[in-house]
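One-letter residues, chain by chain:
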Amino acid sequence: MAEESDLEKTEEPTGRRIEQAREQGQVPHSRELGTFLILLVAAASFWMMGGWFMQRALAIARKAFSIEPALVRESGLMLPRLADISADAILTFSPLFFLLMLAAVLPPFFLNAWVFAPKTIVPDLNRINPVTGFGRLFSWNSLMELLKAVLKAILVGGVAAILIWRERDELVGLLAQSLEVGLAHAGELVTYSFLVLVVTLILVVAADVPFQLWQYFDRLKMSKEEVKQEMKEMMGDPQVKGRIRSLQMQAARRRMMSAVPQADVIVTNPTHFAVALSYKSGMGAPKVVAKGVGEVAQKIKATGAEHAVPLLEAPPLARALYKHASIDQEIPSALYNAVAEVLAYVYQLAAWRQVGGTYPMPPVDLPVPPELVPEAA
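Not measured: the values here are computed from a predicted model.

Novice: Sorry if this is basic, but what is going on with the pattern of salt bridges here?
Specialist: If charged atoms from side chains of opposite charge come close, those side chains can pair. Summed over all chains, the structure comprises six salt bridges. Across the pair Asp218 and Lys221 runs a salt bridge, and its minimum N-O distance is 3.9 Å. Each of Glu12, Asp218 and Lys221 takes part in salt bridges that share partners, so that together they form one network.

What follows is the structure in structure tokens.
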């Protein structure tokens, strides 16, 4: 049962899964939104510029049907005449064509679905497979599209019937008007009705867009096993990362141990902790070049002994340095006085080794603030 639950697609798609789908050209798509925007732009254009379109269309029609005697005698003039009329028509309706093209491009921006996916250009034989096509014909998605089409037809048809019933007197009154007035009035009625029908489609779009988004993300849902696998791919296999961390720690430890011979003193616990300190001219304060606990501490002390680095047993100071000082960083200012006494002892010891005399006594009761000393280990 646990394996089955891991294979069920119950998890929301991750950002990487969505990005991979976009690369494959899989984006949310609402056909109803595109249709609505194109029809809305067309209706608004005719509402605002319908009179101008009509005047220009009539002028082009008069020009086209006016046959000059020269055109009858010279057939070679007919083609330039046709090109001239076609250019007028294109210039007249080019604003409408531009707006319609813009409306056709806009829907993906509303759904955050604008993407360039070259992989979708590659031919896919499954798209023309009759078995696959037959399965799509009777799929859940096809059933929903059919249901939407029926509901849209009922909605638009019902609104159209209401408009015709409300404007019945206006429609009958067209018969009593002159041709030019009647045509203008009829154009206004058609444009108004068209605009109302298009606005009605807002209800269809309001239902279709959320459904398409839900369906899109539902198709991209992942199983728990897929999520785990993706996390491994993104963050790396834990075993591999653990091995990398282990190698990094070993390399850092080797670098740290190589700095022990240059240390001025090693402060110990005496058995659990070891901290190697160094202070050279020009430094702002002594710094820690190596530190460790347990086996690492023993290696630090052994390496220091091999290179005659002085060793001082100062348990509170060793624990405080191990806890509050980082490798290759200066010691905390609160430990300046204690470390200064240690370094003074180291310098006295170096002088004794060179010239002899009274053996220096190691410092005791170093001024280590109690709040910096962790519990003894």
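Novice: Teacher, can you tell me more about the side chain of Glu32 here?
Specialist: Looking at the element boundaries, Glu32 is found in helix α3 (residues 31-65). Non-local contacts of Glu32, meaning those with residues more than four positions away in its chain, are made with Lys148, Lys152, Val204, Val205 and Asp208.

Novice: What am I meant to see in the packing of aromatic side chains here?
Specialist: The description of two aromatic rings rests on the distance between their centres and on the angle between their planes. If you walk through the whole model with that rule in mind, you get four aromatic pairs. Measuring from ring centre to ring centre gives 5.1 Å for Tyr216 and Phe217, while their planes differ by 75 degrees; the resulting arrangement is edge-to-face. Over the ring of Trp165 we find Arg168; its NZ or CZ atom is 4.0 Å from the centre of that ring. Stacked on the ring of Tyr322, the Lys or Arg Lys291 has its end atom at 5.1 Å from the ring centre.

Novice: Would you explain the sheet that holds strand β3 (residues 265-268) in this entry?
Specialist: Across a sheet, paired strands are connected by hydrogen bonds in the backbone, their directions being either parallel or antiparallel. Across the sheet, four strands lie side by side as β5-β4-β3-β6; this open sheet has mixed pairing. Each end of this open sheet is capped by a strand with a single partner; those strands are β5 (287-293) and β6 (311-313). Taking each pair of neighbouring strands and ignoring which way they run, the sheet shows an average axis angle of 20 degrees. Where β3 meets β6, three bridges bridge the pair, whose relative direction is parallel. Residue pairing for β6: Val267 is matched across the bridge by Leu312.

Novice: Please clarify how the nonpolar core should be interpreted in this entry.
Specialist: Ranked by internal contacts, the top residues of the largest apolar core, which has 25 residues, are Val267, Leu277, Leu317, Leu321, Leu335 and Val339. Going through the elements one at a time, β3, β4 (273-278), α14 (315-324) and α15 (336-355) are the ones with two or more residues in this core. Once residues lying within four places of it in the same chain are set aside, the contact partners of Leu277 are Ala263, Asp264, Val265, Val267, Lys287, Val288, Val289, Leu321, Ile331 and Val339. Listed in part, the 13 residues of the second largest apolar core include Val296, Ala297, Ile300 and Val309.

Novice: When you look at the pairing of β4 in this model, what are you seeing that I'm missing?
Specialist: Successive side chains on a regular strand alternate, one facing one side of the sheet and the next facing the other. The buried fraction of β4 is high, at six of six residues. In this structure, β3 lies alongside β4, joined through four bridges in antiparallel fashion. Residue pairing for β4: Thr268 is matched across the bridge by Ala274. By the bridge criterion, six bridges tie β4 to β5 in an arrangement that is antiparallel. Bridge pairing in β5 places Leu277 opposite Val288.

Novice: Hey, could you run me through unusual backbone geometry in this one?
Specialist: For Ala308, which is not glycine, the phi dihedral falls at a positive 60 degrees. If you trace the backbone, Ala308 turns up in the loop between α13 (295-306) and β6. At Asp328, a residue that is not glycine, the phi angle is positive and equals roughly 65 degrees.

Novice: Help me understand the packing of α3 against helix α5 (residues 78-105), please; the structure alone is not making it clear to me.
Specialist: Helix-helix packing is characterised by the crossing angle of the two axes and by the distance between the axes. Where α3 contacts α5, the two axes come as close as 10 Å, and the packing angle between them is 175 degrees. Between α3 and α5, the angle is such that the two are roughly antiparallel. In terms of residue class, the contact of α3 with α5 is made up of 18 nonpolar, two polar and five charged.

Novice: Would you mind showing me how to read α14 here?
Specialist: Residues three or four positions apart in an α-helix share a direction because the helix packs 3.6 residues into each turn. Buried within α14 are the following residues: Leu317, Ala318, Arg319, Ala320 and Leu321. On its buried face, α14 is in contact with β3, β4 and α15.

Rules used throughout
- Residues numbered from 1 in each chain as written.
- Predicted model: local features only at pLDDT ≥ 70, side-chain atom pairs only at ≥ 80, totals over all residues.
- Heavy atoms only, no water.
- Salt bridge = Lys/Arg side-chain N within 4 Å of Asp/Glu carboxyl O.
- Helix = DSSP H or I, 4+ residues; strand = E, 2+ residues; numbered from the N terminus.
- Contact = heavy atoms within 4.5 Å.
- Phe/Tyr/Trp six-rings, centres within 6.5 Å; stacked < 30°, edge-to-face > 60°.
- Lys NZ or Arg CZ within 6 Å of the ring centre and 35° of its normal.
- Pairing = 2+ DSSP bridges.
- Axes fitted to C-alpha atoms, helices over the stretch in contact; angles between N-to-C directions.
- Core = buried A, V, L, I, M, F, W, Y, C linked by side-chain atoms within 4.5 Å.
- Buried < 20%, exposed > 50% of the residue type's maximum accessible area, 1.4 Å probe, protein only.
- Parallel < 35°, antiparallel > 145°, perpendicular 65-115°, else oblique.
- Nonpolar A, V, L, I, M, F, W, Y, C, P; charged D, E, K, R; others polar.

Function cannot be read off these values alone, since they describe shape.
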